[in-house]
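# Architecture at a glance
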Amino acid sequence: MTTAQTQELDVQPTPLALLLLGREADPKSERGVECPGDLPSPSDPDLVERARKAKEKLGDKVFVLGHHYQRDEVIQFADVTGDSFKLARDAAARPEAEYIVFCGVHFMAESADILTSDDQKVVLPDLAAGCSMADMATAEQVAECWDVLTEAGIAEQVVPVSYMNSSADIKAFTGKHGGTICTSSNAKRALDWAFEQGEPSATKVLFLPDQHLGRNTAVRDMGMSLDDCVVYNPHKPNGGLTADELRAAKMILWRGHCSVHGRFSLDSVNDVRERIPGVNVLVHPECKHEVVAAADYVGSTEYIIKALEAAPAGSKWAIGTELNLVRRLANRFAPEGKEIVFLDKTVCFCSTMNRIDLPHLVWALESLAEGNLVNRIEVDKETEAFAKLALERMLALP
């Protein structure tokens, strides 16, 4: 990002930002930092041309997916862009593509593998591109949580609802225990469905792994109170909750969050309103409840894009989501006279999403063009079957 671009968005870069962008690394602790063969240098002036030639050589055999939070240098080579679930469905709609190169993070590539055919191979250019939120709920932790719910005598009343931003293992757990998956767009529909699976007064939801999306949906969209929600902390005995607290709750929220959206604060909202009179504050529902409550508009990534597309010329917007996307939207709508700034005053990239850079994409494409399959993401058949069951329940939501 150039100095001019960061100034336009009222963002102050910090030395830590380069580390979070993946331009500094610890090879001893991170997967994917070293690649078999030679990873091109970021300073190679021919990277764009190399990516173009490799993609051209592969032709219809490759389909490149680019998540909205990706860098511009990567997104330029995407055949389609979107959020995680849209991209996974786009991949499934291209059965002729032998290779699906997913410029996103690990759980997204898993979802693509679940939804595509056995003949298609999903590739993640850098295996270090994980998701901190998804990693906050492991299969072992969730199994232990279910044991706690069983001991409290309420497991039969609990329907798991897992956010798309979860591992294949968690999606499989959800499918195996009668639950469904949700996105940030259809979370209310998923929760309505879950509470219809039993007696409304007795049914409870275990919401994984993002506490904020679960809380915001329950309270803001469904009229529940904050007292209806408890937070299960997997690092504490019994989740840090008593059996009575679990029995009284309607929403059992997993103690997970997005490291990007969780940074925004009420102070951020108050500050931007003071600095920019008449600004519209638009945030993602993964933000904290107090941020969502103070915002003018709340919605998914796709909602944010559509809201800005429909916004009148001359309107002012402060956006609470990942900085790569905000920057791209600011540049896109500047000619229309729309002023778009980042909600926070410090850099807030998705650090793991930014692991997918142009050198890794070039390496992956050139390897595939040479007939070498690299960094394949493959979900085992049992996990895939139960995860697909949970995803199919979501697709069947009214």
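Let me begin by describing the structure that accompanies this report.

### Examining the overall build of the protein chain
In terms of regular secondary structure, the protein chain is built from 17 helices and 14 strands. Each principal axis of the C-alpha atoms in the protein chain carries an extent, and together these give about 65 × 55 × 40 Å. Across the 398 residues in the protein chain, those meeting the buried criterion constitute 56%. Here the contacts in the protein chain between residues at least 6 apart in sequence split such that 70% fall between residues at least 24 apart. Summed over all atoms, the accessible surface of the protein chain reaches about 16800 Å², with 49% contributed by carbon and sulfur. Each charge class in the protein chain can be summarised by its mean position, and for the 41 positive and 60 negative side chains these summaries are 3 Å apart.

### Looking at the side chain of Gln70
Structurally, Gln70 is set in the loop between strand S1 (62-67) and helix H4 (72-75). Apart from the residues within four sequence positions on either side, Gln70 is in contact with Ile75, Cys103, Gly104, Asn324, Arg328, Met353 and Ile356.

### Topic: the packing of aromatic side chains
Scanning the entire structure with this criterion turns up four aromatic pairs. On the basis of an interplanar angle of 65 degrees and a centroid distance of 5.6 Å, the ring pair of Phe264 and Phe342 is categorised as edge-to-face. One end of the pair, Phe264, is in the loop between strand S9 (251-254) and helix H12 (266-275); the other, Phe342, is in strand S13 (residues 339-342), with 78 residues separating them in the sequence. Accessibility expressed as a relative area gives 0% for Phe264, which makes it buried.

### A closer look at the packing of helix H7 (residues 139-151) against helix H8 (residues 168-176)
Running from N to C, H7 and H8 point in directions that differ by 30 degrees, and their axes come no closer than 9 Å. The pairing of H7 with H8 is recorded here as roughly parallel in orientation. Contact with H7, carried on its side by Ala139, Val142 and Trp146, involves Asp169, Ile170 and Phe173 of H8 and no other residues of that element. The residue inventory of the contact of H7 with H8, partitioned by class, reads five nonpolar, no polar and one charged.

### With respect to the environment of Val123
Tracing the backbone through its elements, the reader meets Val123 in strand S4 (residues 121-123). Overall, the relative accessible area of 0% leaves Val123 in the buried class. In this structure the C-alpha to C-alpha distance between Val123 and His106, which are 17 residues apart in sequence, comes to 9.7 Å. In this view, Val123 contacts Ile100, Val101, Phe102, Ala364, Leu368, Leu373, Val374 and Asn375; residues no more than four positions away in its chain are not counted.

### Side note on a negative patch on the surface
Taken together, Glu140, Asp169, Asp380 and Glu382 make up a surface patch of like negative charges. Of note, Asp380 is situated in the loop between strand S14 (376-377) and helix H17 (381-395).

### Some points on the pattern of salt bridges
The final tally for this structure, using the stated rule, is 21 salt bridges. Between Asp344 and Arg263 there is a salt bridge, with its nearest N and O atoms 3.9 Å apart. On the criterion of sequence distance, the pair formed by Asp344 in the loop between S13 and helix H16 (358-369) and Arg263 in the loop between S9 and H12 is long-range, its members being 81 residues apart. By relative accessible area, which is 12% here, Asp344 ends up buried. Judged by relative accessible area, which is 39%, Arg263 ranks as partly exposed. A salt bridge links Asp296 to Arg273; the shortest N-O distance between them is 3.1 Å. Taken together, the residues Asp296 in the loop between helix H13 (289-294) and strand S11 (297-298) and Arg273 in helix H12 connect sequence positions 23 residues apart. Residues joined by salt bridges that share partners form a network here, namely Asp44, Arg50 and Glu366.

### With respect to the pairing of S13
Sheet analysis places strand S12 (residues 316-320) next to S13, joined by four bridges and oriented parallel. Paired with Ile319 across the strands is Phe342, a residue of S13. Handedness of the crossover joining S12 and S13 through helix H15 (residues 323-333) is recorded here as right-handed.

### Considerations on unusual backbone geometry
Note the cis peptide between Leu208 and Pro209, where omega equals -20 degrees. Position of Pro209 among the secondary structure elements: in the loop between strand S7 (204-208) and helix H10 (211-221). Within the chain, Asn238 stands out as a residue other than glycine whose phi angle is a positive 55 degrees. Tracing the backbone shows Asn238 in the loop between strand S8 (229-232) and helix H11 (243-248). Positive phi outside glycine occurs at Asn375, with the angle close to 50 degrees. Topologically, Asn375 is positioned in the loop between H16 and S14.

About the criteria used
- Residues numbered from 1 in each chain as written.
- Predicted model: local features only at pLDDT ≥ 70, side-chain atom pairs only at ≥ 80, totals over all residues.
- Heavy atoms only, no water.
- Helix = DSSP H or I, 4+ residues; strand = E, 2+ residues; numbered from the N terminus.
- Buried < 20%, exposed > 50% of the residue type's maximum accessible area, 1.4 Å probe, protein only.
- Contact = heavy atoms within 4.5 Å.
- Areas by Shrake-Rupley, 256 points an atom, 1.4 Å probe, with all protein chains shown as cover.
- Lys, Arg positive; Asp, Glu negative; His and termini not counted.
- Charge placed at Lys NZ, Arg CZ, Asp CG, Glu CD.
- Phe/Tyr/Trp six-rings, centres within 6.5 Å; stacked < 30°, edge-to-face > 60°.
- Axes fitted to C-alpha atoms, helices over the stretch in contact; angles between N-to-C directions.
- Parallel < 35°, antiparallel > 145°, perpendicular 65-115°, else oblique.
- Nonpolar A, V, L, I, M, F, W, Y, C, P; charged D, E, K, R; others polar.
- Patch = residues over 30% accessible without salt bridge, like charges linked within 9 Å, V, L, I, M, F, W, Y side chains within 5 Å.
- Salt bridge = Lys/Arg side-chain N within 4 Å of Asp/Glu carboxyl O.
- Pairing = 2+ DSSP bridges.
- Right-handed = clockwise from strand over helix to strand, strands pointing away.

Such coordinate-based values are descriptive only and should not be taken to indicate function.
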